[in-house]
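Close look at the chain arrangement
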Amino acid sequence: MDYDFASYLRDLRTIGPELILCGTILVLFLVDLWRIGRNRTISWVLAPLVTFAACYGLYLVPATTGIDVDLWPEFLGLTAVYAVVTVADLRWRGRDRWVPGAVAVIGAALACLRLWQQGVEVFGEGAAAFSWGGLVRVDAFGVLLRGLACLTLLVTSWFTIFYAPMRRDPGAKGVTEFLACLAAAAAGGMFLVATENLLFIYLSLELLSLCSYLQVGMLKGDRRSSEASLKYLIYGSVASGFMLFGFSLLYGFSGELAIPKIGQFLQTMPRHSPEGVLMTVGVLLSFSGFAYKLTLVPFHFWAPDVYEGAPTPTTAFLSVGSKAVSFGIMLRFLHMLTGDIVWAPGLVHLAALAAVVTMTYGNLAALHQSNLKRLFGYSSIAHAGYMLLGVVTVFQFMEDPATGLLREGRFFGEGYAAVLFYLGAYLLMNLGAFGAVIFLANRTGSEEIEDIRGLGWKSPWVGGAFIVFLLSLTGIPPTAGFFAKWYVFRAAIDGGFLWLAVVAGINTVISLFYYFRIGRMLFLRDGSEAFFEAPRAPWLAAVLLLLAFGTLWFGVFPGAAREVAAEAARSLGW
Amino acid sequence: MSPVPLHWYLAVAFLLFVLGLLVVLSRRNLIYILMGVELILNASSLVFVAFGSYRGAKGLLDGTVIGTFIVVLAAAEATIALAIVLNIFGTFHSVRPEDPNLLKE
Amino acid sequence: MQGLMQTDWGLFGDDHLRLMLCILLLPLMAFAVQIFFGAKLPRRGDWLPTVAMGGAFVLALSLFMTAVQHPDPTLFLHSARPPADEDGLAWNWLWSKGTPGKGNFVFAILFDNLTAVMLLVVTLVSFLVHVFSMGYMKGDPRYPRFFAYLGLFSFSMLGLVLTSNFLFLLIFWELVGLSSYLLIGFWFEKPSAANACKKAFLTTRVGDTGMLIGMMMIWWNFRTFDFVEIFEKAGQAVIANGGVPPGWMTIAAILVFMGPIGKSAQFPLHVWLPDAMEGPTPVSALIHAATMVAAGVYLVGRMFPFFMFAPDAMLVVALVGAFTALFAATIGITQFDIKKVLAYSTISQLGFMVAALGCGALGAGLMHLMTHAWFKACLFLGSGSVIHGMHHEQDMRKMGGLRRRMPITYLTMLASTLAIAGVPLFSGFYSKDAIVAATLHPAPGYESLALPHAGGLLWSLPRLLIPLAALMTAFYMFRLVIMTFHGTPRSGEAERAHESPSNMTVPLLVLGLLAVLGGSPWLFNGDFLGKHIWFNGLVHNPVFDAASGIVSFPEQVGHEGHGWAPLIISLVVAGSGILLAFLFYQWKVFRPEKVAAAIAPIYKAVYNKYWIDEFYLRFIVRPLVFHWNVFCAAFDKYVVDGVVNGVGRTARRLADGQGWFDKNIVDGLVNLAAFLTQVFGAIARIFQTGYLQHYITLLAGGATAVLVIFYWFL
Amino acid sequence: MSAEILAFLVLATATVAGGVVTLWSRYVVHSAFGLMLSLLGVAGFYVLLGSDFLAVTQVVVYVGGVVVLYLFGVMLTPPDREERSIRRIAVAGIFAVAALVVLLKAVFGMEGRWYGVDPDRGPASGGAVIREVGNAFMDKEAYLLPFEIASVLLLVALVGAVFIARREGGRGS
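Residues numbered from 1 in each chain as written. Chains lettered and ligands numbered in written order. Predicted model: local features only at pLDDT ≥ 70, side-chain atom pairs only at ≥ 80, totals over all residues. Heavy atoms only, no water.

Digging into the packing of helix 9 (residues 198-216) of chain A against helix 14 (residues 312-336) of chain A
Residues and elements named next belong to chain A. Heads up, the rule is: Axis angles are defined between N-to-C directions and span 0 to 180 degrees, where every axis is a line fitted to C-alpha atoms and, for a helix, only to the segment in contact. Where helices and strands are cited, they refer to DSSP runs of H or I of at least four residues and of E of at least two residues respectively, numbered from the N terminus. Every angle not falling under 35 degrees, over 145, or within 65 to 115 is termed oblique; those three ranges are roughly parallel, roughly antiparallel and roughly perpendicular. With the far helix as reference, a near helix turned anticlockwise by less than a right angle produces a left-handed crossing, and one turned clockwise produces a right-handed crossing. It only takes one pair of heavy atoms within 4.5 Å for two residues to be counted as in contact. Side-chain classes follow a simple rule in which Ala, Val, Leu, Ile, Met, Phe, Trp, Tyr, Cys and Pro form the nonpolar group, Asp, Glu, Lys and Arg form the charged group, and the remainder, Gly included, forms the polar group.
With their axes 11 Å apart at the nearest point, helix 9 and helix 14 run at an angle of 170 degrees to one another. In terms of orientation, helix 9 and helix 14 fall into the roughly antiparallel class. The two elements helix 9 and helix 14 cross, and the hand of that crossing is left-handed. Here Leu-198, Ile-201, Leu-208, Ser-212, Gln-215 and Val-216 of helix 9 come into contact with helix 14, specifically with Thr-314, Phe-317, Leu-318, Ser-322, Val-325, Ile-329 and Phe-333. For the contact of helix 9 with helix 14, the per-class residue count stands at nine nonpolar, four polar and no charged.

Describing the pattern of salt bridges
All names here are of chain A. The condition is simple: For salt bridges, the criterion is a side-chain nitrogen of Lys or Arg within 4 Å of an Asp or Glu carboxyl oxygen. For every residue, the accessible area (1.4 Å probe, protein chains only) is compared with the maximum for its type, and the residue is labelled buried under 20%, exposed over 50%, or partly exposed between those bounds.
Taken as a whole and assessed by the stated rule, the structure comprises 20 salt bridges over all chains. Notably, a salt bridge pairs Arg-10 with Asp-11, separated by 3.7 Å at the nearest N-O pair. Between Asp-139 and Arg-137 there is a salt bridge; the shortest N-O distance is 2.8 Å. Among the residues examined, Asp-139 registers a relative accessible area of 1% and is labelled buried. What makes Arg-137 buried here is its relative accessible area of 11%. Several salt bridges share partner residues, and in doing so they unite Arg-224, Glu-227, Lys-231, Asp-305, Glu-308 and Arg-374 into one network.

A look at the environment of Gly-255 of chain A
Within the secondary structure, Gly-255 of chain A is located in the loop between helix 10 (223-254) and helix 11 (259-266). When the C-alpha atoms of Gly-255 of chain A and Phe-265 of chain A are compared, they prove to be 9.2 Å apart, with ten residues separating the residues in sequence. With residues near it in sequence (within four places) discarded, Gly-255 of chain A still touches Leu-250 of chain A together with Arg-55 of chain B.

Some points on the interface of chain B and chain D
You'll often see interface size given as the accessible area lost when the parts meet. Inclusion rule: Here's the idea: put two parts together, see how much 1.4 Å probe accessible area each one loses, and the total over both is what we call buried area.
Each side of the interface is counted separately: chain B has 69 residues, and chain D has 88 residues. Summed over both partners, the interface of chain B with chain D buries about 7200 Å², with 76% contributed by carbon and sulfur atoms. Of all residues in chain B, His-7, Arg-27 and Met-35 of chain B bury the most surface against chain D, accounting for 9% of the area lost on that side. Linking chain B with chain D are zero salt bridges.

Examining helix 12 (residues 274-294) of chain A
All names here are of chain A. Rules: Here a helix's expected span is defined as the number of its residues, less one, multiplied by 1.5 Å.
With 21 residues, helix 12 extends 30 Å from end C-alpha to end C-alpha; this agrees with the ideal 30 Å at 1.5 Å per step. Helix 12 sits mainly inside the fold: 20 of its 21 residues count as buried. At the exit of helix 12 stands Thr-295, carrying a positive phi of roughly 55 degrees.

Structural notes on the nonpolar core
Under the convention used in this document: What we call a nonpolar core is a set of buried Ala, Val, Leu, Ile, Met, Phe, Trp, Tyr and Cys residues that are connected through their side-chain atoms within 4.5 Å. Domain delimitation follows an automatic or database domain assignment.
Phe-376 and Phe-466 of chain A together with Phe-166 and Phe-306 of chain C are the most contacted members of the largest nonpolar core, which has 563 residues in total. Counting contributing residues, this core receives three or more from each of domain 1 (1-99) and domain 2 (124-173) of chain D. Setting aside anything within four residues of it in sequence, one finds Phe-306 of chain C in contact with Ile-218, Phe-222, Ile-230, Phe-231, Ala-234, Trp-248, Met-249, Ala-252 and Ala-253 of chain C.

Notes on the interface of chain C and chain A
In this assembly, 47 residues from chain C lie in contact with 65 residues from chain A. A buried area of about 5400 Å², summed over both sides, lies between chain C and chain A, and 78% of it is on carbon and sulfur atoms. The largest contributions to the chain C side of the interface with chain A come from Leu-699, Phe-710 and Tyr-711 of chain C, which together make up 14% of the buried area. For the pair chain C and chain A, the interface holds zero salt bridges. Put simply, the parts of the chain that give the side of chain C that touches chain A at least two residues each are helix 5 (166-184), helix 6 (191-222), helix 28 (628-643), helix 31 (679-687) and helix 32 (692-713) of chain C. The element best represented in the side of chain C that touches chain A is helix 32 of chain C, accounting for 13 residues. Looking at the side of chain C that touches chain A, its residues break down into 36 nonpolar, six polar and five charged.

As for unusual backbone geometry
The omega torsion across Val-297 of chain A and Pro-298 of chain A is 5 degrees, close enough to zero to call that bond cis. Relative to the helices and strands, Pro-298 of chain A resides in the loop between helix 12 and helix 13 (302-309). That bond from Phe-267 of chain C to Pro-268 of chain C is cis: its omega, 5 degrees, falls within 30 degrees of zero. Considering the arrangement of structural elements, one finds Pro-268 of chain C in the loop between helix 8 (247-263) and helix 9 (272-275). Here the phi dihedral of Trp-132 of chain A falls at roughly 55 degrees; this positive angle occurs in a residue that is not glycine. Within the fold, Trp-132 of chain A resides in the loop between strand 1 (129-131) and strand 2 (136-138). Looking at Trp-132 of chain A, the relative accessible area reads 4%, which means it is buried. Here the phi dihedral of His-93 of chain B falls at roughly 55 degrees; this positive angle occurs in a residue that is not glycine. Within the fold, His-93 of chain B resides in the segment after helix 3 (57-92).

By themselves these figures say nothing about function.
Structure, rendered in structure tokens:
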């Protein structure tokens, strides 16, 4: 077989951000291997060589093929990594957690940049493009969700640098491995939303999951972390086993691996028949694989424990990035049933049920939590329920007055757009909240709510930002969270689920109580004596302020973001 | 020579799936639980390959590739799982699934 | 929209909308500067919000005067709604161009007479409170922040009044709640203040939830948030329904009314207001006399055409208002804390306003809102002055004889008390008289809605309750004045009391003057007693015309032909109330203690505020919040152990066979029933056992359940 | 009875018996060997289905790698006699059997509506499958990307696993 090099490059470009993340992982391992940051001569010698070789390789591509490939971000990134490595060796002896952190941040930022470029190309394009033999689907929807995952990676890598339990370890134990797992998990998540092939979905979901299991357990010597990783591992393995079993049935009956074709096949299948039973098993077991990632009740049991035990950056990643991409793939899956009146109505009502149960359970269980991370874990479950509100309105049904049966199904994209907007807003506010938890926990050495008493006055900027995040999570107006909820509720109402929106509204009120409790602890209680002056972290605070600013910005001007979300939803092809 | 009907393969796969689930649910040792997960994965793989094979050459290729990936992923998962179990054994000095019980309501 | 037109605004030319925006943005600017730089400014920045508020007041006053002088108030609608987009002032917020439902998310200003009145009240009281606070809050460590909060509050309140859109109204409504939370909890070191602000915030949220649902219902049916469009569509809906309001409209109106129930402290959500007295006294004057609590009344007034279409909802409004008026008045009689008396008086007066609105008398209710703002703000500031003079002693039993030591405070408070009691020629008389008249002739536009005329038993309740409440008002207010100012000092502080500095007494004087004159007809159009509800003309809302083109409302609701009957009732109740107060407390003809002893059980109930707080604490708050751990523990013991302790145990019991049924099913059910009320939050504990295999079992079980539900039920 | 059916029956017996041993055995080592038997049986099915490449992979990776890994794990952890909970097996078994009955009933109740599959046609013949698989893994238009992703996954998984499993006491030193 002879290969067309140009088409190779084209296909490589479509997965550019993921490639950059893979490269980042390699660089991380190399940096670790050479003990960079410990004043080893070898890194002085090798780092320029490798950098030069890599740059030369990048240069060779256009030079030899004559194809114009835009590689300047990669050049820039390599140079930056080289600078970090050299400066680290010269200057930051013994504080080398900065080095892998900076490398990961640079990699994630580059990936974000690439995604931005890709987004500029893809948005407004309309039709989706395929590469890698149809395995990778490039559309605005995928780019948006990949962007969310990538941004999550960027922010959580940044958090990792400041996360005290890792920082306290002499010699930055495990930071490299942790960051590599984080990057690999993000890459897995990005692949997950970039494809509609069952095999590839499974593969990228496993990449995401396995790396998540590892991250969760990476606080060595912390029993809770070990326990969390065990629980996540076993629960996740069984759930993904379920999902794979469902996939196998879907594949078996339809003979197809691509989701849309399976969707077309499903429409020919009656539900209440022997094979309908097997298809039900197939469809629902597949969904349960996503539902467990999304922490939908009753597939959420791992979540509170894991969120509590995991390192906080991982918790942030799981509750934001992992959730976003899982929502993405779930939306793709739902979309495959578009216009299908055999399966869709039942699924929609199931989703409605799950939404109600999930948000109510999450909110009620969050009420009496005393651990901040666990509280946010439950709150994250509740938010998954809110988001599901948008999923519910994917279909709009017309009832046939004569027969009383559903006559026509129509894809209703408002709900998708609302979910996407919600995911974006959730990224800002929840990452911010976890960042604030890291900041405060660094000062107090504990993650209990009681221990942050009065800290708001001592760190007014971070305290203020935290308040913004809490307001946004509650859904109080001038914040992004308000519009996220608003769009989702509106979609639910427009889609004919008024009662659902009412339940969600009541849930919002319940959630006020526990978010409010945090705010009260921060500002309205006398300071606790138990905190010690940890090293200040202005750069962490800066990121938090940035996130708070974003939360407010999208709370005042949501229009543009909303348009982007709508465009992305449209690109699914309805 | 009458071939084996596809039903039979499916039946065996279902049986394997259920057995794996039972192992996961009932045994009180983490290593057993991991074995149960392997059984579940193998059941899925068997369904893939059986269906693929009965669909002809293209299907057989698909099934084989998917089966290969499942084997690879299962191996990776087993590695990680064992590492985590050893980690648990190092911290909790037990391989019973109910012993790590710090995290709960 | 036809029927609404832009008028020539003589005085302001084309700049009227910008003036309104200035009114709105001045306090916001003051807040923004003050919160960041307040402490660094000279005088710690107190002058900045004060001057800003004063400016806003001047602007509001000029707008108001124009509104009053204009010959035909129905022309005073000014809205920057979509047709006026070219004004460049409508802020298209949520929707990009071309999206359907465009007008609903445009921030626009709706200016009519109602707005004019509210603007005047809010800016004036807020300005005076700013001035008063300069004296009262002197030396507080967070002095600059207090003024910043005042600015934020004023901004939110003005925005609430100015917007033409229900959605924005909600946003400002929540902002008002937030800033009042900050203000009430200003001294959060005091646990009582911290609790009070929490209570206020959460209690009002309960009402807001209902309001939100009501809004959703309106949106669901009308697809609009614009007030004028809502009224228009409501009219069309009624016509389409054959002249009878559709059922959902009644429900939506009642749900929307839940917001005012919370915000305006109506029964049963009134509990936060007395506690909110823990805030600084100027805050009480600002929030709990003139502005925030009035927001609920304002909302009913703003949505009045909608309510008019739903007579049953109006009945609910009237009954809630009348009941609250009487209910709070009874509590007010028994209290000894000077601010608590005023707090219950406020609740009671708000009940008057709500009852008036419920009886269809928009003019009467809103006039009372205005006059009440004057005299109640005066009373609160006066009580602040007293408390300041008494070195933060609030118990009236320790006062007495302050008349000579604080003459200005005494005089202004006396004037306000006469006003609130409804003595003729004082402002309160006019509005209260109008309310009594309205209750005698509850006249929403039922004929035009093809409903039976409102003459039912329930409609006659307000006309009993309201005069009774008025009598009690006169009584307890004079009780307050007599106990505080008359007689001889009953404590050392009272003997050493002194008059407050001038920056506190000047606002008092201004408000006292307004309490006398602020409602008087001759001040505005020279008409005395004849058509003395001039206010009707003033707030006769041109917005109605949009709706009344479809269904006609009685033009002069509430004062047509009320003649002498309400006047006599007013005079009798006010006179007898005052007389009783003097008999009890000044001349000591009767002993209050003896009366209290004679009706001890009732007195006890009233003194303890009918145990409503305790009721909430016991049955709502504690089960939800405080006893969480107890419940959880018990839940663990009974439900978790009994029902969900793993498959193995169940199997063992099954094998044993004996007593299992009794022990688990029967007992379990009994316990389950006992705990059903607390099941909610503790549900997590059933599942979140921390045992890995439980989770996996639940995973498999959940998957099975989902399959079964999907296959057979959906 | 054809040889194929005979082979199927033998393999099915082995597979299921292996699973049952895994479920029932009192000793971890027995269970591990039961698992091995079961996996070998599945490998035999792959041969029957014409996918000998997968069968070999299964034997090499699973039987030769994973099961050995488990045995290794068994040796690193202490023996424990209370590992089998018959009550749990019984209770879970009831539900499992119910589920199985539903599934099997569905499979055997389809009566020929197989949507493009002819269940009685038999499996595709093996033959050139190894070559095709190899090409598919190296073909950009087929499975090259997943193949490469899997390598990344294995790299990260191994490094992470090593880090997790390493005893306290630090790296390298």
